[in-house]
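Here is what each chain is made of, one letter per residue.
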Amino acid sequence: MARSWTRLHEHLGAAPGPLDFDMVRRAAADTLEESDDLDWKEHLPQPPRDGRWNELAKDVAAMANTRGGLLIFGVRDKATDLTGIDPAMPAPSSTTSGSATTSSPTCPTSPSPL
């Protein structure tokens, strides 16, 4: 289940409810810093291969071990510049299934295109 109150809501003074692109755009423009429950990601995750670390599984597990949070793709993490994502990249459902198969116990995910 998606969270209805997030660090973005708090930062923007918004009432609980779904996130939308304008909220992400405004938080990025305000250079809202990453925290234990907010992680900006410039690129969609790639499946691990050749023994590389599964970055998505690590991020999902880290948030699951705290109180949950948001991974927002298409935003450069240090400068919080909106970069967008390539629509030819794998669909969110295929990337989240990778975190479910590489973490135990499995962590619920709610991919939400904005």
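All residue numbers refer to positions counted from 1 along the written sequence of the respective chain. Per-residue local features of the predicted model are confined to residues with pLDDT of at least 70, and side-chain atom pairs are confined, for both listing and counting, to 80 or more; whole-chain, interface and lining totals are unaffected and use all residues. For the side-chain quantities, the full set of heavy atoms in the structure was used; hydrogens and water were omitted.

*Asks:* Any chance you could break down helix α2 (residues 21–29) for me, citing the residues and the numbers?
*Replies:* Those residues of α2 lying buried are Met23, Val24, Ala27 and Ala28. With its buried residues spanning 130° around the axis, α2 presents them on a single face. Contact definition: two residues touch when any of their heavy atoms are within 4.5 Å. Counting from the N terminus, the helices are the DSSP runs of H or I reaching at least four residues and the strands are the DSSP runs of E reaching at least two. In the core, the buried residues of α2 are packed alongside α1 (7–12), β1 (38–41) and β2 (70–73). Capping the start of α2 is the job of one residue whose side-chain oxygen sits 3.2 Å from the backbone nitrogen of aspartate 22: aspartate 20. Note on α2: the residue one or two positions beyond its end, threonine 31, has a positive phi of about 55°. Burial here depends on accessible area, computed with a 1.4 Å probe over protein chains only, as a share of the maximum for the residue type. Under 20% is buried, over 50% is exposed, and the range in between is partly exposed. Directions are taken from the helix axis to each C-beta atom, and the arc is the one they span. Two N or O atoms count as a polar contact when they lie within 3.5 Å, although within protein this holds only if one can serve as hydrogen donor and the other as acceptor, and sequence-adjacent residues are included solely when both atoms are side-chain atoms.

*Asks:* Could you give me a rundown of the nonpolar core, with the residues and numbers involved?
*Replies:* In plain words, nonpolar cores are sets of buried Ala, Val, Leu, Ile, Met, Phe, Trp, Tyr and Cys residues tied together by side-chain atoms within 4.5 Å. Core analysis: the largest hydrophobic core is formed by 10 residues, namely Leu8, Val24, Ala27, Ala28, Leu32, Leu38, Trp40, Leu70, Ile72 and Val75. Elements with a contribution of two residues or more to this core: α2, β1 and β2. Sequence-distant contacts of leucine 38, defined by excluding residues within four places in its chain, comprise Arg7, Leu8, Leu32, Glu33, Met63, Leu70 and Ile72.

*Asks:* How would you sum up the environment of glutamate 33? Please name residues and give values.
*Replies:* Tracing the backbone through its elements, the reader meets glutamate 33 in the loop between α2 and β1. Setting aside residues no more than four positions away along its own chain, glutamate 33 makes contact with Leu38 and Trp40.

*Asks:* So what about the environment of serine 35? Which residues, and what values?
*Replies:* Along the chain, the position of serine 35 falls in the loop between α2 and β1. In the structure, serine 35 is positioned 35 residues away from leucine 70 in sequence and 9.7 Å away in space, judged by C-alpha atoms. A distance of 2.8 Å separates a polar atom in the side chain of serine 35 from a polar atom in the side chain of arginine 7.

*Asks:* Pulling in residues and values, what's your account of the pattern of salt bridges?
*Replies:* Salt-bridge detection follows one rule: a side-chain nitrogen of Lys or Arg within 4 Å of a carboxyl oxygen of Asp or Glu. Scanning the entire structure with this criterion turns up 13 salt bridges. With a shortest N-O distance of 2.8 Å, arginine 7 and aspartate 37 are connected by a salt bridge. Taken together, the residues arginine 7 in helix α1 and aspartate 37 in the loop between α2 and β1 connect sequence positions 30 residues apart. The class for arginine 7 is partly exposed, based on a relative accessible area of 22%. Classification of aspartate 37 as buried rests on a relative accessible area of 5%. The salt bridge partner of lysine 41 is aspartate 39, with a shortest N-O separation of 3.4 Å. Here lysine 41 and aspartate 39 have matching classes, each one buried. Put simply, Arg7, Glu10, Asp36, Asp37 and Arg67 are held in one network by salt bridges that share partners.

The values reported here are purely geometric and, on their own, carry no functional implication.
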